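# Close look at the chain arrangement
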Amino acid sequence: MFEPIPIRYLLFFVLYGGAAVVSAVLCLYLLLRRGNAFSAHTTPPLALRRWAAAFYGIGALGHVWWLLFYIFFREEHSAAFVVVVVLDSVTLLVTIFGTLLAMLQDRKRPFWPIALSTVPIVILGALQIARPATDFLTPCIVYMLAVYVLFTLYVVVAVRQYGRWLRENYADLEHKEVRFSLALIIMLLLAVMVYESASDDPSFLLIRIVDLVMFGLLLWRVETLPTLTPNSSPKAEEGEYAQEQEAADEVSAPLSLRRGPGDEAIEQLLTEHCVQMQLYLQHDLTLASFSTAVGVNRTYLSQYFSRLGLNYNTYINGLRIDHFIRLYREAVASNRHFTVMQLTQDSGFRSYSTFSSAFKQRMGQSLRAWMRETSD
C-alpha cells in the first residue's frame, strides 16, 4: 500500500503550482489584453505593462525550471543547480527593478547599471561550474544581496524624487503616487530573499504565499497607474524636446512676462484666471495646462511657488480648502442640509482621504477638530 502524502507537501505543491499558473496567466493578460479590466478609464504606461509581464513570465518560468531540476537532477552541487541559481538571480534582478523603474514617469532613468550588475553573478556561476571544488556560490549570494540592497536604496531615492515631481506638476495625485506599493513590493522582495536562505517547510510555504500577494499587488499598481507626461521635468526637457517646449512656453506667455516677471504680475494673473474663474476646481489640472490657462510660463510659475515656499499641488489644494470652508460656512449659516463628502467633491477633491490630508496640512488640525472649534 502507498503511504499517505503529508499534508504540508500537498499544500506546498498546490501553492507552488498555483503561483506558477497565476503568474503565467497574468503575463498573458498584460501582453494580450488591450483594455484595462480593473480601471476602465485608466491607461497604464505601456513600458510598465511590458516590464510587469516580463516579471510575471520569469516568475512562471522560474517555477518550471526549479521543478524540472528537482525532478531530473536534485543534486545541489551539480552544474544544473548552478545554472538554475544564476538564471533565477539574473532574470529576477533585471525584471524586478526594471518594473520598479518603469513606474517612475518623471524622467527616463538609465537601465544599464542593472544589466551591468548581473555580470559578476554570471562570472561567479561559470567559475563554480568550472571549479566545483571551490565555493563560488556563497560570494555570489552575498554579492546579490548587496546589489538588492543598493538598488532598493536607489529606488527609495527615486520614488522621493518622483513624488516631488508629482507635487510640482499635478493638482490631483490620486493613483499617481507609487510610494505605498513600491515600499510593500520592496519589503516582499526582501522577505523572499530571507525565506530563500532557509530550508524548512514553513519557509517554503511562506515564499509561495508572498509570491501570490506580490503578484496581486503589482497587478493592481500596474492597472491603476495612469500614463503621465514628464513635460515639466528638467531632466526630460533636454535637447530638441526642451527647445520645442521652451519655444511653446514663450509663445503662450505674455510679452510683459518673458523677461523675469515680477510677483505682482503673476499674482494678478492668478487672481484673474485661477481664483476668480475657479480654475482650481478642475480635475487632473497639470502645471502645463494651468500655466497655459493663466498665461504664465510654467517655469516662472514654479519659481514663483518656490519663492512662496509652496509647490503647485499645495497651491491648488489651498484654494480648494478655502473653497470648502466658504461652502461649509454658507451651508451652516443657512441651516441647509449637507454632507462633508458632497462639499469635498464640490471643492474639487476626488477623494476624502486626499481632502483630509490637505486640510490638516493647511489648517494645522483635523477637519473634525476644526468643525468642533468652529461650532463652539
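Residues numbered from 1 in each chain as written. Predicted model: local features only at pLDDT ≥ 70, side-chain atom pairs only at ≥ 80, totals over all residues. Heavy atoms only, no water.

## Observations concerning empty space enclosed by the protein
In this approach a probe as big as a water molecule rolls over the atoms, and the regions it shows empty are the leftover space. Filter applied, for reference: Points on a 1 Å grid, built from protein atoms alone, make a cavity when a 1.4 Å probe fits but cannot get out and make a pocket when they are open with protein on both sides within 12 Å along at least 5 of 7 lines; residues with an atom within 4 Å of a point are the lining residues. Grid points are joined across faces, edges and corners, and a volume is the space filled by probe spheres set on the points. Each helix is a run of DSSP H or I of at least 4 residues and each strand a run of E of at least 2, with the numbering of both proceeding from the N terminus.
All chains considered together, the criterion is met by two cavities of 30 Å³ or more. Here the largest cavity is characterised by a volume of approximately 50 Å³. In terms of lining residues, the largest cavity is bounded by Phe 55, Thr 95, Ile 96, Thr 99, Leu 100, Ile 185, Leu 189, Met 214 and Leu 218. In terms of residues, the lining of the largest cavity owes the most to one element, helix α3 (residues 79-102), which gives four residues.

## Observations concerning the pattern of salt bridges
Our working rule: A carboxyl oxygen of Asp or Glu within 4 Å of a side-chain nitrogen of Lys or Arg is what we treat as a salt bridge. We call a residue buried when its accessible area falls under 20% of the maximum for its residue type, exposed when it is over 50%, and partly exposed in between, using a 1.4 Å probe and counting protein chains only.
In this structure the tally under the stated criterion is nine salt bridges. In this structure, the salt-bridge partner of Lys 176 is Asp 284, at a minimum N-O distance of 3.2 Å. Note that Lys 176 is positioned in the loop between α6 (137-169) and α7 (179-196) and Asp 284 in the loop between α10 (263-275) and α11 (287-294), a separation of 108 residues in sequence. Taking relative accessible area as the criterion, Lys 176 reaches 6% and is therefore assigned buried. Notably, a salt bridge pairs Asp 263 with Arg 307, separated by 2.5 Å at the nearest N-O pair. Taken together, the residues span a long stretch of sequence, with Asp 263 in helix α10 and Arg 307 in helix α12 (residues 298-307) at a distance of 44 residues. With a relative accessible area of 30%, Asp 263 lands in the partly exposed category. Salt bridges sharing common partners tie together Arg 167, Glu 177 and Arg 179.

## Things to note about unusual backbone geometry
Even without glycine at this site, Gln 278 takes up a positive phi of about 55°. In this structure, Gln 278 sits in the loop between α10 and α11. In this structure Gln 278 comes out as partly exposed when scored by relative accessible area, which is 35%. Within the chain, Asn 335 stands out as a residue other than glycine whose phi angle is a positive 55°. Structurally, Asn 335 is set in the loop between α13 (312-333) and α14 (340-346). Taking relative accessible area as the criterion, Asn 335 reaches 71% and is therefore assigned exposed.

## A short note on a nonpolar patch on the surface
Note the following rule: Every patch collects residues that have over 30% relative accessible area and no salt bridge, joining them within 9 Å if they carry like charges and within 5 Å if they are nonpolar side chains (Val, Leu, Ile, Met, Phe, Trp, Tyr). The protein chains shown are the only cover counted for residues, whose accessible areas, like all others here, come from Shrake-Rupley with a 1.4 Å probe.
A cluster of nonpolar side chains, contributed by Phe 13, Val 64, Leu 67, Leu 68, Ile 71, Phe 72 and Phe 73, occupies part of the molecular surface with about 720 Å² of accessible area. At five residues, helix α2 (residues 46-72) tops the list of elements feeding residues into the nonpolar patch. If you trace the backbone, Phe 13 turns up in helix α1 (residues 7-32). We classify Phe 13 as exposed; its relative accessible area is 52%.

## Focus on helix α15 (residues 352-363)
What counts, and what does not: By definition here, a helix of n residues has an expected span of 1.5 Å times n minus one. The directions from the helix axis to the C-beta atoms form the arc being described. Contacts between residues were defined by any pair of non-hydrogen atoms, one from each residue, lying within 4.5 Å.
Its 12 residues place the ends of α15 16 Å apart at the C-alpha level, agreeing with the 16 Å of an ideal helix rising 1.5 Å per residue. Of all the residues in α15, the buried ones are Phe 355, Ala 358 and Phe 359. Projected onto a plane normal to the axis of α15, the buried residues spread over an arc of 105° and lie on a single side. Seen from the buried face of α15, the exposed residues on the opposite side, beyond 90 degrees, are Ser 353, Lys 360 and Gln 361. Contacts from the buried residues of α15 go to α13, α14 and α16 (367-375). Just past α15, the residue Gly 364 takes up positive phi, approximately 75°.

## Brief notes about the packing of aromatic side chains
Let me state the cut-off plainly: Working definition: rings of Phe, Tyr and Trp (its six-membered ring) pair if their centres are within 6.5 Å, and the pair is stacked with planes under 30 degrees apart, edge-to-face with planes over 60 apart, and tilted otherwise. Two limits define a charge over a ring: the Lys NZ or Arg CZ must be within 6 Å of the ring centre, and within 35 degrees of the ring normal.
Tallied over the full model, the rule gives 29 aromatic pairs. Between Tyr 56 and Phe 215, the aromatic rings sit 5.4 Å apart at their centres with planes inclined by 75°, giving edge-to-face as the arrangement. In this pair, Tyr 56 is assigned in helix α2 and Phe 215 in helix α8 (residues 201-224), connecting sequence segments 159 residues apart. In this pair, the class of Tyr 56 matches that of Phe 215, namely buried. Measuring from ring centre to ring centre gives 5.7 Å for Tyr 304 and Phe 305, while their planes differ by 55°; the resulting arrangement is tilted. The pair Tyr 304 / Phe 305 is uniform in exposure class, with both members buried. Ring pairing ties together the aromatic residues Phe 324, Tyr 328, Phe 338, Phe 349, Tyr 352, Phe 355, Phe 359 and Trp 370, which thus form one cluster. Residue placement shows Arg 49 over the ring face of Tyr 29; its charged tip is 5.8 Å from the ring centre.

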